[in-house]
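# Chain and residue survey
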Amino acid sequence: MEKEIIKEYANGDLTVIWKPKKCIHSEICVKTLPEVYDPNGKPWIKPENASIEALKSQISKCPSAALTYRIAGEKAVEENQETECTVVQNGPLLVSGTLKVTLANGTIETKNRSTAFCRCGASTNKPYCDGSHKKIDFEG
């Protein structure tokens, strides 16, 4: 099984956590805090360029939960939320809540918070969205 890539970027007590495999390239991060998120920069996330409150607010808007954060000294709290399903125009199907996903090969994965499922058929990470809908100009 392939190990999940997780990148962490610190700004004092707040650490931004990025899971690239979950990213659906909605670009909300780049549009909300361009001084922090620069896809062409090295590193591409510079959390020191924004306040902790601005980072928390922006991260809460990430539709795929590819971006999350943790605060030093605070215990992580698992959100127990109602399951919701949203069709993103010209994009993925977003399912929020705790899910048990059974893959075609029989592997079972548990997903928390928000999971983006491919609707366009072009993802190389099926059943999950990888942002390919943008490359093929998917409409739906």
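Keep in mind the model is a prediction, meaning the values are calculated, not measured.

Take the overall build of the protein chain next. When helices and strands are counted, the protein chain shows 3 helices and 8 strands. In the protein chain, the order of α-helices and β-strands from amino to carboxyl end is β-β-α-α-β-β-β-β-β-β-α. For a compact globule of 140 residues, the expected C-alpha radius of gyration is about 14 Å, and the protein chain comes in at 15 Å, within 12% of that figure. The C-alpha extent of the protein chain, read off along each of the three principal axes, is 40 × 35 × 30 Å. Residue pairs at least 24 apart in sequence account for 47% of intrachain contacts in the protein chain once pairs closer than 6 positions are excluded.

Bringing the sheet that holds strand β8 (residues 114-117) into the picture now. Reading across from one edge, β4-β5-β8 is the order of the 3 strands in this open sheet, with antiparallel pairing throughout. Looking along the sheet, the strands with just one partner apiece sit at the ends: β4 (84-87) and β8. On average, each strand axis in the sheet is tilted by 20 degrees relative to the strand beside it, whichever way the strands run. Two strands pair when backbone bridges link them, and β4 and strand β5 (residues 93-96) are joined in this way by 4 bridges, in the antiparallel orientation. Note that in β5 the partner of C85 across the bridge is V95.

Here we take up the nonpolar core. In terms of nonpolar packing, the biggest core is built from 18 residues, with V16, W18, Y37, I45, L55 and L67 touching the most fellow members. At the level of elements, β2 (14-18), α2 (52-59) and β3 (67-71) are the ones that each hand at least two residues to this core. Counting residues per element, this core draws most heavily on β2, which supplies 3 residues. Leaving out residues up to four positions away in the same chain, V16 has contacts with K7, E8, Y9, Y37, I45, P47, L55, I59, L67, T68 and Y69.

This part takes up the sheet that holds β3. Here 3 strands make up an open sheet; going across it, the order is β1-β2-β3 and the pairing antiparallel. In this open sheet, the two strands that pair with only one neighbour each are β1 (7-11) and β3. For this sheet the average axis-to-axis angle between neighbouring strands, irrespective of direction, equals 25 degrees. Along the sheet, α2 makes contact with β1, β2 and β3, crossing β3 at roughly 140 degrees.

The subject of this paragraph is unusual backbone geometry. Omega for the peptide link from K42 to P43 comes to -10 degrees, which places this bond in the cis form. By secondary structure assignment, the location of P43 is in the loop between α1 (28-32) and α2. Note that the residue after K126, namely P127, is joined by a cis bond; omega there is 10 degrees. Considering the arrangement of structural elements, one finds P127 in the loop between β8 and α3 (132-135). One non-glycine residue, A65, lies in positive phi territory at about 65 degrees. The topology assignment puts A65 in the loop between α2 and β3. Residue A65 is classed as buried on the basis of its relative accessible area of 4%.

Criteria and thresholds
Residues numbered from 1 in each chain as written. Predicted model: local features only at pLDDT ≥ 70, side-chain atom pairs only at ≥ 80, totals over all residues. Heavy atoms only, no water. Helix = DSSP H or I, 4+ residues; strand = E, 2+ residues; numbered from the N terminus. Rg over C-alpha atoms; globule rule 2.2 N^0.38 Å. Contact = heavy atoms within 4.5 Å. Pairing = 2+ DSSP bridges. Axes fitted to C-alpha atoms, helices over the stretch in contact; angles between N-to-C directions. Core = buried A, V, L, I, M, F, W, Y, C linked by side-chain atoms within 4.5 Å. Buried < 20%, exposed > 50% of the residue type's maximum accessible area, 1.4 Å probe, protein only.

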